[in-house]
Amino acid sequence: MKIKDFKLECYFGLYEFTAPYLLTQSDCESMRTEELLAMEPGAQEGYLKQWLGYTETWGDPDLRRAIAGLYQSMSAENVLVFHGAQEAIFGYMNVMLDPGDHMIAMYPNYQSAYEVANSVPGCELSKWYVRDDGEKWVVDFDELESLIRPNTKLLAVNSPNNPTGYTFTNAEIEKLCEICRRHDIYLFSDEVYKGLEMDGEKRDWMADHYDKCVSLGVMSKAYGLAGLRVGWLVSRDTALLDKVVKFKHYMSICCSAPSEYLSKVALKHGDALLKRNTDLIRENIKIADKFFEKYDYLFEKKPISCGPVAFHKLLIDMPVKEFCQMAVDKKGVLLLPADIYDMDGQYFRMGYGRKGVPEALEKFEEFLIENGFTR
Ligand SMILES: Cc1ncc(COP(=O)(O)O)c(C=O)c1O
């Protein structure tokens, strides 16, 4: 199988571990293993005793039970654990898509959500755009319906959306599921940023709303534990999960035992981790809001209600790609320009989930002043 380069991962490969001021990360602040273990009495001893043999392909049974407990209507057999969300997306899309199928992907989106469709010969892809209405990012459900064809097999959405931050309300989740049900379409719902609601409405997992929906979750983003590389698919459609597990036999086979152990500890304290990260995002947004107020002639700030990322607009007459390149070259401030998402427009992604955001914003301001962007 031939597949295009993953633009975002290639870009991060250049700068993520070298640029000192990360202002675009989508994962929340992480922690040391000892900090996580300290959350649960006896966990440190348990971790040291962890057996290092192979684990079950479906995932550790207790971990599957813990993940199922996040949902309204699921039990352990509805959960398939993966080596990160990325592996889950790749496995699911490979199993699902055949030549002659039509797929619709919410767009912009994480590239792997639609790139497998591009690489299956004879598989067609339509993009359901999140659009800038001049103030905020919006979607149009009539536009979605107009994209549906007789051979549409799958709709892939991502909410809270990377990079726009657009998040379906619970009423919109029901509406999406109703559309898919009516047209008998499978729904792939990437919910890796779920749990970081700042607007007071706790979002449902989509798989709880529709039999043909698969929800994607992960320890990386909202929980801030990307190094564990533990993600999952959850669905009432266990026959579909059974097909995906057979594809997993050709990928990681099973997850890492220490990571599964640590994920169980983290999920026991999941609410505390989510609160810690939501509070941090809120604080960083407050600081960034002041920055955007001061420089409203340079940037159009897009509001976010959930999740750690926003897709703001650069207002000056310089390609955003060049602007972001200059920021990282001259000051070590990392931003993500729209072309990484194959998007037109002067947008760039900012991430609010890291402790280093205030310092990175200071450096960003210095960059603006030192390079003549300010009045
Ligand atoms: C929307 C979305 N889905 C999936 C992933 C992959 O997550 P992971 O790194 O945990 O595999 C990412 C990572 O950035 C993402 O933004």
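Residues numbered from 1 in each chain as written. Predicted model: local features only at pLDDT ≥ 70, side-chain atom pairs only at ≥ 80, totals over all residues. Heavy atoms only, no water.

Novice: Honestly, the packing of helix α11 (residues 270-294) against helix α13 (residues 357-370) in this entry has me stumped. Any pointers?
Specialist: Two measures define how a pair of helices packs: the angle their axes make with one another and the distance between the axes. The interhelical angle for the contact between α11 and α13, taken along N-to-C directions, is 15°, at an axis separation of 10 Å. What the angle tells us is that α11 and α13 run roughly parallel. The two elements α11 and α13 meet at a crossing, and its hand is right-handed. Between α11, through Asn284, Ile287, Ala288, Phe291 and Lys294, and α13, the contact on the second element is made entirely by Val357, Pro358, Leu361, Phe364, Glu365 and Leu368. Here the contact of α11 with α13 is composed, by residue class, of eight nonpolar, one polar and two charged. (Axes fitted to C-alpha atoms, helices over the stretch in contact; angles between N-to-C directions. Helix = DSSP H or I, 4+ residues; strand = E, 2+ residues; numbered from the N terminus. Parallel < 35°, antiparallel > 145°, perpendicular 65-115°, else oblique. Left-handed = near helix turned anticlockwise from the far one by under 90°. Contact = heavy atoms within 4.5 Å. Nonpolar A, V, L, I, M, F, W, Y, C, P; charged D, E, K, R; others polar.)

Novice: Would you take a moment to explain the nonpolar core for this structure?
Specialist: One recurring pattern in soluble globular proteins: nonpolar side chains tend to sit buried together. Of all hydrophobic cores here, the largest spans 133 residues; its most connected members are Trp128, Phe168, Phe299 and Phe364. For this core, the element with the highest residue contribution is α11, accounting for seven residues. Inspection of this core shows a minimum of three residues originating in each of domain 1 (7-32 + 271-370) and domain 2 (52-268). Contact partners of Phe299, with chain neighbours within four places excluded, come to Phe291, Phe292, Lys313, Leu314, Leu315, Phe323, Phe348, Phe364 and Leu368. (Core = buried A, V, L, I, M, F, W, Y, C linked by side-chain atoms within 4.5 Å. Buried < 20%, exposed > 50% of the residue type's maximum accessible area, 1.4 Å probe, protein only. Domains from an automatic or database assignment.)

Novice: Explain the side chain of Ser126 here, please?
Specialist: As for its placement among the helices and strands, Ser126 is situated in strand β4 (residues 124-129). Among the residues examined, Ser126 registers a relative accessible area of 8% and is labelled buried.

Novice: So what exactly am I meant to see when it comes to the pattern of salt bridges here?
Specialist: Should their charged atoms come close, side chains of opposite charge can pair. A complete count under the given rule lists 29 salt bridges for this structure. Taking the shortest distance from any N to any O, the salt bridge between Glu34 and Arg32 comes out at 3.7 Å. Taken individually, Glu34 and Arg32 each receive the classification exposed, so the pair is uniform in this respect. Ionic pairing is found between Arg65 and Asp62, a salt bridge with its closest N-O pair at 2.6 Å. Taken as a pair, Arg65 and Asp62 lie in helix α4 (residues 61-68) at a separation of three residues, close to a single helical turn. A residue is classified by how much of its surface remains accessible, and Asp62, at 41% relative accessible area, is partly exposed. Residues joined by salt bridges that share partners form a network here, namely Lys331, Lys363, Glu366 and Glu370. (Salt bridge = Lys/Arg side-chain N within 4 Å of Asp/Glu carboxyl O.)

Novice: Would you mind showing me how to read empty space enclosed by the protein here?
Specialist: Where empty space is left in the structure can be found by rolling a water-sized probe over the atoms. One pass over the structure, following the stated rule, counts two cavities of 30 Å³ or more. Of the volumes computed, that of the largest cavity is approximately 50 Å³. Around the largest cavity, the lining residues are Ser159, Pro160, Thr167, Phe168, Ile173, Glu191, Lys194, Arg203, Asp204 and Met206. In terms of residue class, the lining of the largest cavity is made up of four nonpolar, two polar and four charged. Of the pockets and cavities examined, the second largest cavity occupies roughly 40 Å³. Lining the second largest cavity, in full, are Phe6, Leu8, Asn109, Tyr110, Gln111, Tyr114, Ile340 and Tyr341. Tallied by class, residues from the lining of the second largest cavity come to six nonpolar, two polar and no charged. (1 Å grid on protein atoms, 1.4 Å probe; cavity = no way out; pocket = protein on both sides within 12 Å on 5 of 7 lines; lining within 4 Å. Points joined across faces, edges and corners; volume = space filled by probe spheres on them.)

Novice: Please explain the layout of surface pockets as it appears in this structure.
Specialist: Approximately 550 Å³ is the volume attributed to the largest pocket. Forming the boundary of the largest pocket are 25 residues, of which Glu9, Tyr110, Lys221, Ala226 and Arg229 lie nearest the centre. Residue assignment for the lining of the largest pocket shows that the elements contributing at least two residues are α1 (7-15) and α5 (84-96). Class assignment for the residues of the lining of the largest pocket results in eleven nonpolar, six polar and eight charged.

Novice: Can you help me understand the sheet that holds strand β15 (residues 347-351) in this one?
Specialist: Overall, antiparallel pairing links the four strands, which are arranged β11-β12-β15-β14 in an open sheet. Each having just a single partner strand, β11 (299-300) and β14 (336-337) make up the two edges of the open sheet. In terms of strand pairing, strand β12 (residues 309-314) meets β15 through five bridges, oriented antiparallel. Residue His312 lies in a different strand from β15, and its bridge partner there is Phe348. (Pairing = 2+ DSSP bridges.)

Novice: Looking at this structure, I do not really get the pairing of β4. What am I missing?
Specialist: It is a general feature of regular strands that their side chains alternate between the two faces of the sheet. Note: strand β3 (residues 102-107) against β4, six bridges, orientation parallel. Following the sheet pairing, Met106 is matched in β4 by Trp128. For the segment spanning β3, helix α6 (residues 112-119) and β4, crossover handedness is right-handed. (Right-handed = clockwise from strand over helix to strand, strands pointing away.)

Novice: Which parts of the structure should I look at to understand the side chain of Ser119?
Specialist: Note on placement: Ser119 falls in helix α6. In this structure Ser119 comes out as buried when scored by relative accessible area, which is 16%. For Ser119, the side chain forms a polar contact with the main-chain oxygen of Val116, separated by 2.8 Å. Ignoring any residue separated from it by four or fewer positions in sequence, one finds Ser119 in contact with Met1, Lys2 and Ile3. (Polar contact = N/O pair within 3.5 Å; in protein donor to acceptor, adjacent residues only side chain to side chain.)

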